[in-house]
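A structural walkthrough
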Amino acid sequence: MHQWPTTEAEARAEQERLRAAADHGSPGPAVGEIATVAGVDVAYGDDGTLAAAAVVLDADSLAVLEESVHVGRTDFPYVPGLLAFRELPSVMAALEGLTRTPDLVVCDGYGRAHPRRAGLAVHLGVLTGIPCFGVAKTPFLFDHEPPGTARGSSSPLTMRDGSGTEEVGRALRTRDGVKPVFVSIGSGIGLDNACAHTLRLTPRYRQPETTRRADHLAGARLAALRPAPGTGG
DNA sequence: GCGACAG
DNA sequence: ATCTTGTCGC
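Residues numbered from 1 in each chain as written. Chains lettered and ligands numbered in written order. Predicted model: local features only at pLDDT ≥ 70, side-chain atom pairs only at ≥ 80, totals over all residues. Heavy atoms only, no water.

**Observations regarding the environment of Ala-30**
Applicable threshold: A run of H or I in DSSP becomes a helix once it reaches four residues, and a run of E becomes a strand once it reaches two; helices and strands are each numbered from the N terminus. Burial status follows relative accessibility: with a 1.4 Å probe on protein chains alone, a residue under 20% of its type maximum counts as buried, one over 50% as exposed, and anything between as partly exposed. Here a residue-residue contact requires only that any non-hydrogen atoms of the pair lie within 4.5 Å.
Looking at the element boundaries, Ala-30 is found in the loop between helix H1 (8-21) and strand S1 (36-44). Using a relative accessible area of 22% as the deciding quantity, one classes Ala-30 as partly exposed. Residues Ala-30 and Arg-17, spaced 13 residues apart in sequence, show a C-alpha to C-alpha distance of 27 Å. For Ala-30, the contacting residues outside a window of four places in its chain are Asn-193 and His-197.

What follows is the structure, encoded as structure tokens:
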């Protein structure tokens with residue numbers, strides 16, 4: 001089992017190791033080349049309680065094939081830039097609870113679009129060895145021109161601090177007239193394919209079905225842990 | 001050194 | 001992430 005950092009210093013060292021190990025070059029699987037796709041997400045309770053969920057979908061029909069939940073705790077606080085160390089141990093546990101290995105993993109948050117090029121999706125991609133990318137909801141650290149209003153329109157994401165003009169991700173409109181999501185690669189897949197998969201996963205809502213399913217599952221499990229007052233818990 | 005900055 | 005009602009729409 002993996003040894004997880006407990007201090008910020010250890011986390012940064014591990015983050016750099018993972019960044020260096022990431023595959024940022026291969027195009028990875030295209031739409032039509034995968035049979036299954038997994039979504040992961042974490043819901044938090046008051047104390048350190050959390051529920052991490054992994055949901056496997058049929059890549060074609062988007063039907064749910066399998067679900068896995070890990071209930072546990074976190075000691076690692078939310079530190080900007082180090083989100084991965086708060087979420088990953090339990091996410092990995094949830095993934096290990098699956099009976100099949102998905103062909104692709106989609107997570108909340110960023111991958112290569114990160115101050116040190118090592119967001120959540122980079123960590124997850126390297127640690128699982130499965131192609132992985134991230135879909136985030138807010139741009140904060142990045143600059144981008146608004147994409148066209150039609151679903152499928154996109155524009156490049158660049159670092160807001162002006163550290164280069166490299167496209168670290170892409171603002172992608174997944175629904176007509178709805179604010180875009182922000183796609184960035186983790187490891188083992190290219191940005192073009194990541195965006196194509198994201199569009200396949202958004203037939204109806206802004207967020208990918210993978211994320212929506214995992215988010216719902218994690219939230220439901222956490223709620224089940226905290227029965228409503230007077231219900232006898 | 002301090003602050004901002006996914007979730 | 002989480003705190004939270006009603007409301008509009010399919």
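**Overview of the packing of helix H2 (residues 83-96) against helix H3 (residues 120-128)**
For any two helices packed against each other, one specifies the crossing angle of their axes together with the interaxial distance. What counts, and what does not: Axes here mean lines fitted to C-alpha atoms, for a helix over just the part in contact, with angles spanning 0 to 180 degrees between N-to-C directions. The cut-offs work like this: below 35 degrees is roughly parallel, past 145 is roughly antiparallel, 65 to 115 is roughly perpendicular, and the gaps in between are oblique. Note on convention: the crossing is left-handed when the near helix lies turned anticlockwise from the far helix by less than a right angle, right-handed when the turn is clockwise.
Taken N-terminus to C-terminus, the directions of H2 and H3 make an angle of 40 degrees; their axes are 10 Å apart at the nearest point. Overall, the two elements H2 and H3 adopt an arrangement that is oblique. Like other packed secondary-structure pairs, H2 and H3 cross with a definite hand, here right-handed. Contact residues: H2 offers Leu-83, Ala-84, Phe-85, Glu-87, Leu-88, Val-91, Met-92 and Leu-95, while H3 offers Leu-120, His-123, Leu-124, Leu-127 and Thr-128.

**A short note on the layout of surface pockets**
We count it as follows: Put simply, the grid is 1 Å and covers the protein atoms alone, a cavity is a trapped set of points that fit a 1.4 Å probe, a pocket is an open set with protein on both sides within 12 Å along at least five of seven lines, and lining residues have an atom within 4 Å of a point. Grid points are joined across faces, edges and corners, and a volume is the space filled by probe spheres set on the points. Under the scheme applied, nonpolar residues are Ala, Val, Leu, Ile, Met, Phe, Trp, Tyr, Cys and Pro; charged residues are Asp, Glu, Lys and Arg; polar residues are all the others, including Gly.
Its volume calculated, the largest pocket comes out at about 620 Å³. Lining the largest pocket we find 28 residues, and of these Tyr-78, Leu-83, Gly-109, Tyr-110 and Thr-138 sit closest to its centre. Among the elements of the structure, S1, H2 and strand S5 (132-136) are those that each provide at least two residues to the lining of the largest pocket. In terms of residue count, H2 provides more of the lining of the largest pocket than any other element does, 3 residues in total. For the lining of the largest pocket, the residue count by class is 17 nonpolar, 6 polar and 5 charged. Taken as a whole, the second largest pocket holds about 220 Å³ of empty space. Around the second largest pocket, the lining comprises 14 residues; the ones closest to its centre are Thr-74, Asp-75, Phe-76, Phe-85 and Pro-89.

**Focus on the UniProt feature "binding site: Mg(2+)" (unreviewed entry) in chain A**
Spelled out, the test is: UniProt positions are given in the numbering used here, feature names are shortened, and annotations may be inferred rather than shown by experiment.
The positions that UniProt labels "binding site: Mg(2+)" (unreviewed entry) are, in the present scheme, Asp-41 and Asp-108. A maximum C-alpha distance of 6.6 Å is found for the annotated residues, which run over 68 residues; spatially they form one tight group. Among the annotated residues just listed, those lining the largest cavity are Asp-41 and Asp-108. In contact with Asp-41, other than residues within four places in its own chain, are Ala-51, Ala-52, Ala-53, Asp-108, Ala-214, Asp-215 and Ala-218.

**So, the protein's contact with DNA strand C**
To be explicit about the condition: Proximity is defined per residue: if any heavy atom of the residue lies within 4 Å of a molecule or strand, that residue is considered near it. Each polar contact in these results corresponds to two N or O atoms within 3.5 Å; when the atoms are within protein, one needs to be able to donate a hydrogen and the other to accept it, and residues that are neighboring in sequence are counted only if both atoms are side-chain atoms.
Neighbouring DNA strand C are Ala-43, Tyr-44 and Lys-137. Note that a phosphate oxygen of DNA strand C is positioned 3.3 Å from one of the backbone N or O atoms of Tyr-44.

**A closer look at the sheet that holds strand S9 (residues 181-187)**
To be explicit about the condition: Strands were regarded as paired on the criterion that DSSP finds at least two bridges between them.
On the basis of which strands lie adjacent, the open sheet formed by 9 strands has the order S3-S2-S1-S4-S5-S9-S8-S7-S6 and mixed pairing. A strand with exactly one partner marks an edge of an open sheet, and here the two such strands are strand S3 (64-73) and strand S6 (142-143). Inspection of the sheet shows S1 paired to strand S4 (residues 105-108) by 3 bridges, in the parallel sense. When the bridges of S4 are listed, Gly-39 appears paired with Val-106. In this fold H2 packs onto S1, strand S2 (49-58) and S3, with an angle of close to 50 degrees to the strand it touches most, S2.

**With respect to the packing of aromatic side chains**
As a reminder, the rule being used: Pairs were defined over the aromatic rings of Phe, Tyr and Trp, the Trp ring being its six-membered one, requiring ring centres within 6.5 Å. Orientation was assigned from the angle between planes: stacked under 30 degrees, edge-to-face over 60, tilted for the rest. Charges are assigned to positions over rings by a cutoff of 6 Å between ring centre and Lys NZ or Arg CZ, combined with an angular limit of 35 degrees from the ring normal.
All told, the structure shown has 2 aromatic pairs when counted by the stated rule. Summarising the aromatic geometry, the rings of Phe-76 and Phe-85 are spaced 5.8 Å apart at their centres and angled 40 degrees between planes, so their arrangement reads as tilted. Taking the relative accessible area as the measure of exposure, Phe-85 reaches 5% and is therefore buried. Note on Tyr-110 and Phe-142: the rings are 4.9 Å apart at their centroids and 55 degrees apart in plane angle, and the pair reads as tilted. Taken together, the residues span a long stretch of sequence, with Tyr-110 in the loop between S4 and H3 and Phe-142 in strand S6 at a distance of 32 residues. This pair shows no difference in class: Tyr-110 is buried, exactly as Phe-142 is. Looking at Arg-86, its charged tip hangs above the ring of Tyr-44, at a distance of 4.3 Å from the centre. One Lys or Arg, Arg-212, reaches over the ring of Tyr-205 and ends 3.7 Å from the middle of that ring.

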